[in-house]
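Read off the chains here:
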Amino acid sequence: MVNKILLIGPPGSGKGTQGIRLSELLGLEHVAIGDLLRAEISSGSELGETIKAKVAAGELVDDDLILGLIETRVEEAAEKGYILDGFPRSVDQAKKGRKLAEPVGARPELVIYFDVPDDIVVERLTARAEIEGREDDNEQTIRHRLALFHETTKPLLEFYEKQGKARTIDATAPVDEVTEKILELMRG
Ligand code: AP5
């Protein structure tokens, strides 16, 4: 079974939900960039202050900072496997990530693309806002995140399809079915 996996998809497509489930089921580390950024913001660190406004507005945080987060984890990830959720978000980030991953054998083996229509995303995230109160889960910011996704992140699908690594799943299916489908793809 492959154990180096990227989860790519629009906001609210279920990457975080599946990342947690898969890491529990398989004992793989779930690296969720958004969670790492939110933890940094909550800590009140200088770095957190720098990125706070961008995350709240649904803008992408600077590549150098994101690459710094990846760099500290890449050797362990090569050794133990990983489920990486939220990186890369652009073809540029993917190319920069490859430079870090290649020398240590940490390149992804499988890329799961979560396919969900925009209206379902808006529905899911406005519902989540009621429960979790994430600052970027208001309708205006959700739509901005979606636009950024289509423009900047979605081209990764073709990027990884050309490498023969991408598989698209129907992420509107119930959570258990989505998990099962990903496990099936991981088994190959
Ligand atoms: P991040 O935290 O990664 O946010 P996101 O990509 O917008 O994703 P979400 O967490 O909103 O959704 P998800 O796909 O994880 O879905 P979830 O499982 O939560 O990033 C936040 C910000 O950080 C970015 O906007 C950016 O500013 C910055 N950032 C992050 N990475 C970066 C990078 N590489 N470069 C630069 N900046 C970066 O599910 C959503 C809801 O739907 C939940 O309520 C869940 O219960 C529900 N749900 C899940 N699956 C299903 C299902 N199958 N059926 C019904 N409901 C479901």
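Our structure is the block above this text.
Residues numbered from 1 in each chain as written. Predicted model: local features only at pLDDT ≥ 70, side-chain atom pairs only at ≥ 80, totals over all residues. Heavy atoms only, no water.

Undergrad: Outline the overall build of the chain, listing residues and values.
TA: Helix and strand content of the chain: 10 helices and 5 strands. When the backbone C-alpha atoms are referred to their principal axes, the chain occupies close to 40 × 40 × 30 Å. Taking all 188 residues of the chain together, the buried fraction comes to 45%. Carbon together with sulfur atoms contributes 48% to the accessible area of the chain, which is approximately 9800 Å² in total. Taking the average place of the 25 positive charges on the side chains of the chain and the average place of its 36 negative ones, the gap between the two points comes to 4 Å. (Helix = DSSP H or I, 4+ residues; strand = E, 2+ residues; numbered from the N terminus. Buried < 20%, exposed > 50% of the residue type's maximum accessible area, 1.4 Å probe, protein only. Areas by Shrake-Rupley, 256 points an atom, 1.4 Å probe, with all protein chains shown as cover. Lys, Arg positive; Asp, Glu negative; His and termini not counted. Charge placed at Lys NZ, Arg CZ, Asp CG, Glu CD.)

Undergrad: Pulling in residues and values, what's your account of helix 8 (residues 139–153)?
TA: Given a rise of 1.5 Å per residue, 15 residues ought to cover 21 Å, and the 20 Å separating the end C-alpha atoms of helix 8 matches this to within 8%. Those residues of helix 8 that sit buried are Thr141, Ile142, Arg145, Leu146, Leu148, Phe149 and Thr153. Angular distribution of buried residues about the axis of helix 8 spans 165°; they occupy a single face of the element. Helix 8 presents Gln140 and Glu151 as exposed residues on the side facing more than 90 degrees away from its buried surface. Residues of helix 8 that are buried make contact with strand 1 (4–8), helix 3 (46–57), strand 4 (110–115), helix 7 (118–132) and helix 9 (155–162). (Expected span 1.5 Å × (residues − 1). Arc of directions from axis to C-beta. Contact = heavy atoms within 4.5 Å.)

Undergrad: Residue-level account of unusual backbone geometry, with values.
TA: The omega torsion across Phe87 and Pro88 is -5°, close enough to zero to call that bond cis. Here Pro88 lies in the loop between strand 3 (82–85) and helix 6 (91–101).

Undergrad: Account for helix 6, naming residues and giving values.
TA: Of all the positions in helix 6, only Gln93, Ala94, Gly97 and Ala101 are classed as buried. When helix 6 is viewed along its axis, its buried side chains cluster within an angular range of 100° and face the same direction. If you follow the buried residues of helix 6, they end up packed against helix 4 (63–71), helix 5 (74–80) and helix 9.

Undergrad: Lay out the pattern of salt bridges in plain terms, naming residues and giving numbers.
TA: For the structure shown, the criterion picks out 14 salt bridges. The salt bridge involving Arg145 is made with Asp136; its shortest N-O contact spans 3.7 Å. Note on Asp136: relative accessible area 7%, which makes it buried. Close ionic contact of Arg143 with Glu139 constitutes a salt bridge, the shortest N to O distance being 3.0 Å. Here Arg143 pairs with Glu139, and both are found in helix 8, just 4 residues apart, close to one helical turn. Connected through shared salt-bridge partners, Arg128, Arg134, Asp136, Asp137 and Arg145 make up one network. (Salt bridge = Lys/Arg side-chain N within 4 Å of Asp/Glu carboxyl O.)

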